[in-house]
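Observations on chain architecture
Okay, here's what each chain looks like letter by letter:
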Amino acid sequence: MKSTFQTIRALIRKDMQIESHTREIFTVMLVFALSILFILNFALEQNVKVRTGSAAGLIWIILILAGQLGLNQIMGIEKQGNMIEALLASPVPRSAIYLSKTISAFVFMFLMALIIHPLYCIFYNVPMISPDFILVSALGCWGYAALGVLISAMTIQTRTRDILLPVLFYPLIIPLVVTTVKVTGSILSGENFSSLLSSLYQILAFDVIFTASGILGFELIVED
Amino acid sequence: MNMQIPKKLKILDWFSFFLILFTCWLIFYKTPVEMNMGLVQKIFYFHVAYAWIGMVSFLVAAISAIIFLRKGLFIYDAVTESAVEIGLVFTLIAIITGSIWARPIWNTWWTWDPRLTTTSIMALIYAGYLFLRGSLDNPEKRRKITSIYSIIGCLSVPLTFFSIRGVRSIHPVVFGGDTPDFNMDSQMLRTMLIAIAVFSIFYIAVMWHRIRLAELKEEIEQLKLTSEEDHD
């Protein structure tokens, strides 16, 4: 058990070191998210009330679109120079590879959420989000990363890898997105946090299902 | 493999053909016209049957995918592939027929009702399955990866319905519902059940044909590989 944790930690450190040298994942995701944030200005109503009403959905659309770039790359870096072959040949449990990739994707996604939310609130004059939002973001981002890494592991093996990821991933992630947007919207409208507990448990259940599917499915997907 | 269509399948084809004709006769001549909706309600006998087959087909796909992952036999992958393709066609027809019914009854072609939304998302998920299948070259990988995807797809459908169920639904509940304007007459209910049974038989015939096609394709692939090896 201890060695699995150490393996996961080592694999995450590897991903973070690659990112710190290349800046091909988080930086790209963030710049892309900011671009959409600015483009939205031309599509949105000037009315603050309308903007506030659609804020939760728009924030998550930005995160989902930008997060997809990260998912493509998080498995893509292993494909470059056939690093995946070396990784699979090493005596590392497949579940450890999956979990390390999921944690890395989660970290990038969660950091981006923490930056994009306040920025959205500042740029679009929407009331600043409460700290409750951090928990919802964390749960939403984990589910996104857990299923995303699994689908990304499938699509990197196809001919049309980058194109196929959103086609396969978006319809599957809808239940998580719907619930997360609902909770975010309720937090924005000042609803009591305790009244949102059932929805939070729902997101947690999605996270558990997606993570379990990932742990079980990843091994079959990557093995030769 | 024998290229000839098996005799049993031929009998099933003709049997389902005559049963469909009989069902159409039953629907249009022997079942009363619904008092409020009029003739357009007749579409429901087809719509419910197609939607049912779509659902069952995706479930069949997921179950055969699980068996394939456990046993690794080609036939189960062929069943998954066939079930997804046929399920997708029936689901799309169900969406279209539902939309044709909705236009005069709800005064709109489309509404974001949980059932409509879930069915459409389900169609998107399984359309993705076909794209995924088409872009994987290695047959072994293709079978494994698409099997896992179809299981996840099947898991995601009830989750989607669960997550959007809070939205008020205007879709009639045909069986066991309490919608006052959709209490079916016993004759209508009988026709509906016959239509579901008949189209299920038709589904079995189509599945049989599609699985045979998958087997023939596999055989051609094997022959190609053998001839390439002989050339080398």
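These numbers come from a predicted model, not from an experiment.

Procedures and definitions
Residues numbered from 1 in each chain as written. Chains lettered and ligands numbered in written order. Predicted model: local features only at pLDDT ≥ 70, side-chain atom pairs only at ≥ 80, totals over all residues. Helix = DSSP H or I, 4+ residues; strand = E, 2+ residues; numbered from the N terminus. Buried ≥ 20, exposed ≤ 12 C-beta atoms within 10 Å, placed from the backbone. Contact = placed C-beta atoms within 7 Å. Expected span 1.5 Å × (residues − 1). Nonpolar A, V, L, I, M, F, W, Y, C, P; charged D, E, K, R; others polar. pLDDT = per-residue confidence, 0-100. Axes fitted to C-alpha atoms, helices over the stretch in contact; angles between N-to-C directions. Parallel < 35°, antiparallel > 145°, perpendicular 65-115°, else oblique. Left-handed = near helix turned anticlockwise from the far one by under 90°.

1. Overview of the overall build of chain B
- Helix and strand counts for chain B come out as six helices and zero strands.
- The order of helices and strands in chain B, counted from the N terminus, is α-α-α-α-α-α.
- The C-alpha extent of chain B, read off along each of the three principal axes, is 70 × 45 × 25 Å.
- For chain B, the proportion of its 232 residues judged to be buried stands at 33%.
- The contacts of chain B with a sequence gap of at least 6 include a subset with a gap of at least 24, amounting to 79%.

2. Focus on the overall build of chain A
- Along chain A, the regular secondary structure elements total eight helices and zero strands.
- Traced from its N-terminal end to its C-terminal end, chain A shows the element sequence α-α-α-α-α-α-α-α.
- For chain A, the spread of C-alpha atoms along the three principal axes comes to 55 × 35 × 30 Å.
- In chain A, buried positions account for 45% of the 224 residues.
- Counted over contacts in chain A with a minimum sequence separation of 6, partners at least 24 positions apart contribute 84%.

3. A few points about helix H6 (residues 132-155) of chain A
- For H6 of chain A, which comprises 24 residues, the first-to-last C-alpha distance of 35 Å matches the rise-based estimate of 34 Å (1.5 Å per residue) to within 8%.
- Here H6 of chain A lies mainly inside the structure; 20 of its 24 residues are buried.

4. Let's talk about unusual backbone geometry
- For Arg23 of chain A, which is not glycine, the phi torsion reads 50° and is therefore positive.
- Topologically, Arg23 of chain A is positioned in the loop between helix H1 (2-22) and helix H2 (26-43).
- Look at Asn107 of chain B: it is not a glycine, yet its phi comes out positive at around 65°.
- With respect to the element layout, Asn107 of chain B can be found in the loop between helix H3 (74-106) and helix H4 (114-134).

5. Some words on the interface of chain B and chain A
- The partner chain A presents 20 residues to the 24 residues of chain B that form the contact.
- Contributions of two or more residues to the side of chain B that touches chain A are made by H4 and helix H5 (139-164) of chain B.
- When residues of the side of chain B that touches chain A are assigned to their parent elements, the largest contribution, 14 residues, is made by H5 of chain B.
- For the side of chain B that touches chain A, the class distribution of residues is 15 nonpolar, six polar and three charged.

6. Describing the confidence of the model for chain A
- Put simply, chain A has an average pLDDT of 89, and 97% of its residues get 70 or more.
- Taking the mean pLDDT of every element in chain A, the minimum, 83, falls on helix H4 (residues 83-89) of chain A and the maximum, 94, on H6 of chain A.

7. Focus: the confidence of the model for chain B
- Summing up the model confidence of chain B, the mean pLDDT is 88 and the portion of residues at 70 or higher is 91%.
- Across the interface, the model reports ipTM at 0.89; the global pTM reads 0.89.

8. Thoughts on the packing of H4 of chain B against H5 of chain B
Residues and elements named next belong to chain B.
- Put simply, H4 and H5 touch, their axes get as near as 10 Å, and they point 170° apart. With respect to H5, the element H4 is oriented roughly antiparallel. Packed against H4, whose contacting residues are Pro114, Thr117, Thr118, Ile121, Met122, Ile125, Tyr126, Tyr129, Leu132 and Arg133, the element H5 presents Arg142, Ile145, Thr146, Tyr149, Ser150, Gly153, Ser156, Val157, Thr160, Phe161 and Ile164 at the interface.
- Across the contact of H4 with H5, the residue classes break down as twelve nonpolar, seven polar and two charged.

9. A word on H4 of chain B
- The terminal C-alpha atoms of H4 of chain B lie 30 Å apart, and with 21 residues this matches the ideal 30 Å at 1.5 Å per residue to within 8%.
- What H4 of chain B keeps buried is the set Thr118, Thr119, Ile121, Met122, Ala123, Ile125, Tyr126, Gly128, Tyr129, Leu132 and Arg133 of chain B.
- For H4 of chain B, the elements touching its buried residues are H6 and helix H7 (161-188) of chain A together with helix H2 (43-71), H3 and H5 of chain B.

10. A few points about the environment of Ile187 of chain A
All names here are of chain A.
- The residue Ile187 is located in helix H7 in this model.
- Ile187 sits in the buried class, given 20 other C-beta atoms within 10 Å.
- Separated by 31 residues in sequence, Ile187 and Ile156 have C-alpha atoms that sit 37 Å apart.

11. Section: the packing of H3 of chain B against H4 of chain B
Residues and elements named next belong to chain B.
- Direction vectors running N to C along H3 and H4 enclose 145°, while the axes themselves pass 10 Å from each other. Seen from above, H3 lies across H4 with left-handed handedness. Residues Glu81, Val84, Glu85, Gly87, Leu88, Thr91, Leu92, Ala94, Ile95 and Gly98 of H3 touch H4, and the partners they reach there are Leu116, Thr119, Ser120, Met122, Ala123, Tyr126, Ala127, Tyr129, Leu130 and Arg133.
- Within the contact of H3 with H4, the residues separate by chemical class into twelve nonpolar, five polar and three charged.

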